[in-house]
Amino acid sequence: MTMKVSILLSTYNGEKYLRNQLDSILRQKEVLISLNIRDDGSQDSTVSILREYENSNDNIHVIVGKQIGVGRSFMSLLFETRSNYDFYAFADQDDIWDEDKLIVGINKLKEYSLGPRLYVCNQRCIDRNGGYISDRFPVNFPVQNLKNALFLNLYAGCTMILNQELRDALCDSKRRPNLNFFDYRIHDSWTMCVASIYNPVIFDSECHMSFRRHDSNVTDAEVVRFEKIKVKTKIVLAIRKVKRLFKKNRKKCGIEMTAENLLRGYKDIINSEDLSLLIMVSQYRKSLKSKLCLLNSNFLKIAAPEKKFDLVLKIILNRL
């Protein structure tokens, strides 16, 4: 039986690379796809391109909305998409998918028993002109878990395929957080956290997509993994990071709020070790003792050793 897949794509001012990505999604083989797109307030010709493709393809459905941010945009798509698909996948507007991206991931997921499951693949990193840079992760890259995802999720949403059970776990109205939460934590980090509560994530070291890197989408996490990022770019990102740490525009930050929402929605199924970590993070600012307890724990060293200094600074400044 041919599997039905709902692909969730959020766009914003993506006119430059959008056609390449849409064409690569439409070329997916051995699956039936429904491409559900939400535009997040684009000001360029993105919407015109989307309407053109929608008018030419019965399996493309476009919603044009106001700008609410990438995390909220993706999760609103997931929450509102019907549950009559076999699998669900996030897509970014500027990548290029291999023809077998979906079917390879689906076949991997089908090898495992029932239960909420998440598949992620490696990424073939390319520059703005399509030139090869490197694979994002080495073949022996360790599989990430809840501890990693809580502090520094390295799995991009565009590599993710969710089975029906995981989609239901994420969309359960009694468990899921308010959409406002995704102003503070992006959709792929949350998906990774919830998936890790249920079962180990399936990581495919093979690349099944080209992940386009350009100035507008380089994030702090990439600096750790890409050796070819310019020193100037690293300096700019470091300065940007310090500025964020000293902002006083909100009382709580993404990691702390993630821990609180996981405890609120999924406490009944979280294992004891992860439960201990989440409680520690959710309470770290309540007293000096709580703060020292987290600082002296092994979780920071194990979860994100290359970001330990950043995390320590965030804890001290109550910016976790």
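Calculation criteria
Sequence order sets the numbering: in each chain, residues are counted from 1 along the sequence as written. Residues qualify for local features only when their pLDDT is at least 70, as the model is predicted, and side-chain atom pairs are given and counted only at 80 or more; totals for whole chains, interfaces and linings, by contrast, use all residues. Calculation of side-chain values draws on the structure's entire complement of heavy atoms; hydrogens and water are dropped beforehand. Within this scheme, the nonpolar core is defined by two criteria: the residues are buried Ala, Val, Leu, Ile, Met, Phe, Trp, Tyr or Cys, and they are joined through side-chain atoms within 4.5 Å. Relative accessible area decides the class of each residue, using a 1.4 Å probe on protein chains only: under 20% of the type maximum gives buried, over 50% gives exposed, and in between gives partly exposed. Contacts are residue-level and defined by heavy atoms, with any inter-residue pair within 4.5 Å sufficient. Here is the rule: rings of Phe, Tyr and Trp (six-membered ring for Trp) pair when centre to centre is within 6.5 Å. Planes less than 30 degrees apart are stacked, more than 60 are edge-to-face, and the remainder are tilted. Distance and angle both matter: a charge sits over a ring if NZ of Lys or CZ of Arg is within 6 Å of the ring centre and within 35 degrees of the ring normal. Here a strand is any run of E in DSSP of at least two residues, a helix any run of H or I of at least four, and the numbering for each starts at the N terminus. The working definition used for a salt bridge is a side-chain nitrogen of Lys or Arg within 4 Å of a carboxyl oxygen of Asp or Glu.

A. Focus on the nonpolar core. Among the nonpolar cores identified, the biggest contains 56 residues, and Leu-118, Phe-151, Tyr-155, Trp-190, Leu-262 and Val-281 are the most heavily contacted of them. Excluding residues that lie within four positions of it along the chain, Phe-151 makes contacts with Arg-185, Ile-255, Leu-277, Val-281, Phe-299, Leu-300, Ala-303 and Leu-311. Membership of the second largest hydrophobic core comes to 34 residues, among which are Leu-18, Ile-37, Leu-50 and Tyr-53.

B. Focus on the packing of aromatic side chains. Scanning the entire structure with this criterion turns up 13 aromatic pairs. When the centroid spacing of 5.9 Å and the interplanar angle of 80 degrees are considered together, the rings of Tyr-85 and Tyr-88 count as edge-to-face. Judged on exposure class, the residue Tyr-85 and its partner Tyr-88 are both buried. Every member of this aromatic cluster is reached through a ring pair, and the members are Phe-79, Phe-181, Phe-182, Trp-190, Tyr-198 and Tyr-266. Sitting above the plane of the Trp-97 ring, Lys-101 keeps its charged end 4.0 Å from the centroid. A cation over an aromatic ring shows up here: Arg-176 above the ring of Phe-79, its NZ or CZ 4.1 Å from the ring centre.

C. Local environment of the environment of Gly-265. Here Gly-265 shows up in helix H10 (residues 254-266). Put simply, Gly-265 and Ser-173 are 92 residues apart on the chain and 9.4 Å apart in space, counted from C-alpha to C-alpha.

D. Spatial organisation of unusual backbone geometry. Positive phi, close to 45 degrees, is recorded for Asn-13, a residue that is not glycine. Within the secondary structure, Asn-13 sits in the loop between strand E1 (3-11) and helix H1 (18-26).

E. Molecular detail of the pattern of salt bridges. Counted by the stated rule, this structure contains 12 salt bridges. For Asp-98, the salt bridge is made with Arg-124, and the minimal N-O distance between the two is 2.8 Å. One end of the pair, Asp-98, is in the loop between strand E5 (96-97) and helix H4 (101-110); the other, Arg-124, is in strand E6 (residues 118-126), and 26 residues separate them in sequence. Take Arg-124: its relative accessible area is 22%, and that puts it in the partly exposed class. A salt bridge links Arg-167 to Asp-168; its shortest N-O distance comes to 3.1 Å. The structure contains a network of salt bridges with shared partners spanning Lys-147, Glu-273 and Asp-274.

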